[in-house]
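Each chain, letter by letter, is given below.
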Amino acid sequence: MKKQLKFKVNGQPYEIFVEPKKLLVEVLRDFIGLTGTKRGCNSSSCGACTVMLNGVSVKSCSVLALQANGAEVVTVEGLAKGNKLSSLQEAFLDHGAFQCGFCTSGMLMSSTALLTENPKPTKQEIKEGIDGNICRCTGYNSIIRAVTAVVKGEYKEAQ
Amino acid sequence: MIKDFEHFAPKTLKEALALLAKYGDDCKVICGGQSLLILMRQGLVAPKYIVDIKGLDELNYIKDGKDGLKIGATTTHRTIEKSAVIKKKCPVLAEMEKRLASIQTRNWGTIGGNICHGDPAGDPAVVFIALNATLTVAGAKGERNMPAEDFTLDYFEVALEDGELLTEITIPVPPPRTGAAYTKFNLIESDLATASVAASVTLGSGDGVCQDVRIALGAVAPAAIRAKKAEEVLKGKKITDALLKEAGEVAATEAAPVPDISASEEYRRELVKVLVPRTTKEALARAKKA
């Protein structure tokens with residue numbers, strides 16, 4: 001039996017009816033059409049599906065969509081302000097912090113979560129911050145460089 | 001593919017218990033779902049009904065009371081990891097949480113869900129056994145308490161009766177001169193343990209003799225277990241490196257490792273021989289400073 005799911009995604013309210021077995025990643029991608037969130041390993045290992053749920057990062061392949069009822073979700077599509085990318089997105093571009101790009105949205109969400117919580121992380125803390133995300137191209141160094149550039153204040157956040 | 005199920009999201013513990021009593025064996029409790037959803041996706045668990053207690057805020061707390069720290073079952077790992085009172089009163093618990101899976105998993109996964117899942121490689125049960133924690137479970141007939149070491153029974157099996165729900169974990173105030181430590185061995189940082197050891201050492205006043213010690217092992221038996229014979233090696237003695245080595249060897253005989261993709265039975269026993277002395281030594285050092 002379908003149940004009502006009322007929540008906000010990137011500030012936009014949604015009211016949909018979903019089967020209880022649907023995962024948050026499925027609802028975001030297949031029902032709402034926000035395909036920036038990637039479905040990778042589907043077993044909570046790779047982190048490509050990371051989104052913010054009520055202000056904390058979660059792997060949306062391992063959260064029942066109904067558990068987001070009443071919640072606020074932010075996906076990678078919600079990071080930019082209008083046409084202005086977030087600092088981290090700009091820095092990822094400048095530092096070539098992706099190769100195939102599949103991990104990028106998850107990496108961006110995890111680093112956004114990290115900087116929200118700790119705006120001045122050390123290199124070690126940055127590594128720990130993206131520990132739940134796998135980059136199969138192994139481009140970790142450029143990702144860490146991009147986050148470091150934002151930490152150093154080289155980018156101005158969109159207002 | 002996850003099979004269809006009916007979903008209930010009770011607002012109170014009472015409601016949750018009524019649902020469990022009604023649906024019995026056909027239902028499964030989900031909290032963060034970080035472990036359960038993996039099994040459901042593989043088709044290993046296919047409940048007809050799901051009682052979703054993620055929203056049970058009455059079980060989401062950390063309290064510092066007379067009889068110790070009390071943690072509600074729906075408290076997330078991340079909340080425990082970052083809690084100032086946990087870091088101060090029970091640092092080993094915060095350290096364990098930091099090693100548990102990834103940040104995303106800790107943000108949604110809960111302490112109660114983790115222990116009730118009964119994975120022998122889970123981190124919290126091992127530490128709770130070493131800290132002599134008490135678990136409170138509630139059912140239709142009321143509440144009962146049990147020591148953490150009696151809770152983990154077998155592979156993915158815990159001492160919950162039908163219709164019961166874990167509600168609270170109590171970590172007693174440690175005696176003076178007590179130190180605890182936790183070591184987890186794995187190849188990938190955010191993975192489950194290949195072997196893990198938690199130890200708590202209490203020293204006598206002034207004489208440096210080990211008055212009490214508790215050693216718990218994870219991922220080296222079908223359930224998290226207490227290495228009682230290894231403890232006996234150290235109890236009542238002044239702990240030396242030679243005694244620690246002996247305790248490790250004894251603990252390796254108490255282990256009953258299940259070989260899997262991460263390690264063989266033999267390798268896991270070898271890990272116990274190394275990790276028991278290392279962890280107990282760290283607990284000892286902390287007891288000396290306490």
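Residues numbered from 1 in each chain as written. Chains lettered and ligands numbered in written order. Predicted model: local features only at pLDDT ≥ 70, side-chain atom pairs only at ≥ 80, totals over all residues.

Re the overall build of chain A
Looking only at helices and strands, chain A features five helices and five strands. Along chain A, from the amino end to the carboxyl end, the secondary structure elements read β-β-α-β-β-β-α-α-α-α. In summary, chain A has a C-alpha radius of gyration of 15 Å against a globular reference of 15 Å for 159 residues, a match within 12%. Overall, chain A is about 50 × 35 × 25 Å in size when its C-alpha atoms are taken along their principal axes. Evaluated residue by residue, chain A yields a buried proportion of 48% over its 159 residues. For chain A, restricting intrachain contacts to residue pairs at least 6 apart in sequence, the fraction spanning at least 24 positions comes to 59%. (Helix = DSSP H or I, 4+ residues; strand = E, 2+ residues; numbered from the N terminus. Rg over C-alpha atoms; globule rule 2.2 N^0.38 Å. Buried ≥ 20, exposed ≤ 12 C-beta atoms within 10 Å, placed from the backbone. Contact = placed C-beta atoms within 7 Å.)

Observations regarding unusual backbone geometry
Residue and element names in this part refer to chain B. Residues other than glycine seldom take positive phi values, yet Asn132 does so here, at roughly 55 degrees. Summarising the element assignment, Asn132 is placed in the loop between helix H8 (124-130) and strand E6 (134-139). The backbone of Arg177 shows a phi angle near 60 degrees, a positive value even though the residue is not glycine.

As for the sheet that holds strand E3 (residues 50-53) of chain A
Residues and elements named next belong to chain A. Taken together, the five strands give an open sheet; going across it, the order is E2-E1-E5-E3-E4, and neighbouring strands pair in mixed fashion. Where the open sheet ends on each side, the last strands, each with one partner, are strand E2 (12-18) and strand E4 (56-59). Taking the axes of each pair of neighbouring strands and ignoring which way they run, one obtains an average angle of 40 degrees across the sheet. Across the face of the sheet, helix H3 (residues 104-117) comes into contact with E3 and E4 while running at roughly 40 degrees to E3. (Pairing = 2+ DSSP bridges. Axes fitted to C-alpha atoms, helices over the stretch in contact; angles between N-to-C directions.)

Here's the deal with the pairing of E3 of chain A
Residue and element names in this part refer to chain A. Residues Thr50 and Met52 of E3 are buried on one face, and the alternating residues Val51 and Leu53, pointing to the opposite face, are buried as well. Judged from the four bridges that link them, E3 and E4 form a sheet pairing that is antiparallel. Its bridge partner lying in E4, Val51 is registered against Val58. The hairpin formed by E3 and E4 contains two residues between the paired strands, and Asn54 there has a positive phi angle of roughly 50 degrees. In terms of strand pairing, E3 meets strand E5 (residues 72-74) through two bridges, oriented antiparallel. For Met52, the partnering residue across the bridge sits in E5 and is Val74.

A look at the domain arrangement of chain A
All names here are of chain A. When cut into domains, chain A gives domain 1 (3-78) and domain 2 (87-151). Tallying the contact residues gives 15 residues for domain 1 and eleven residues for domain 2. Looking at the side of domain 1 that touches domain 2, the elements with two or more residues in it are E3 and E4. Of the residues belonging to the side of domain 1 that touches domain 2, the class tally is seven nonpolar, seven polar and one charged. (Domains from an automatic or database assignment. Nonpolar A, V, L, I, M, F, W, Y, C, P; charged D, E, K, R; others polar.)

What about the interface of chain A and chain B?
Across the boundary between the two partners, chain A contributes 22 residues, which contact 22 residues of chain B. Classifying every residue of the side of chain A that touches chain B gives seven nonpolar, ten polar and five charged.

A short note on the confidence of the model for chain B
Here chain B shows a mean pLDDT of 97. Residues at 70 or above account for 100%. Confidence metrics for the complex model read pTM 0.97 and ipTM 0.97. (pLDDT = per-residue confidence, 0-100.)

What to know about the nonpolar core
Residue and element names in this part refer to chain B. Core analysis: the largest hydrophobic core is formed by 91 residues, its most contacted members being Leu217 and Ala251. No other element matches helix H11 (residues 265-289), which puts seven residues into this core. The residues contacting Ala251, other than those within four sequence positions of it, are Ile215, Leu217, Ala227, Ala230, Val272 and Val276. (Core = buried A, V, L, I, M, F, W, Y, C linked by C-beta atoms within 7 Å.)

Description of the sheet that holds strand E10 (residues 165-171) of chain B
All names here are of chain B. The five strands are arranged E4-E5-E10-E6-E7 in an open sheet whose pairing can be described as antiparallel. The sheet is open, and its two edges are formed by strand E4 (62-65) and strand E7 (142-147), each paired on a single side. Taken over all neighbouring pairs, the strand axes of this sheet differ in orientation by 25 degrees on average, direction set aside. Pairing of E4 with strand E5 (residues 68-72) involves four bridges; the strand directions are antiparallel. Within E5, the position partnered with Ile62 by the bridge is Ile71. Here helix H1 (residues 13-23) sits on the sheet in contact with E6 and E10, set at roughly 130 degrees to E10.

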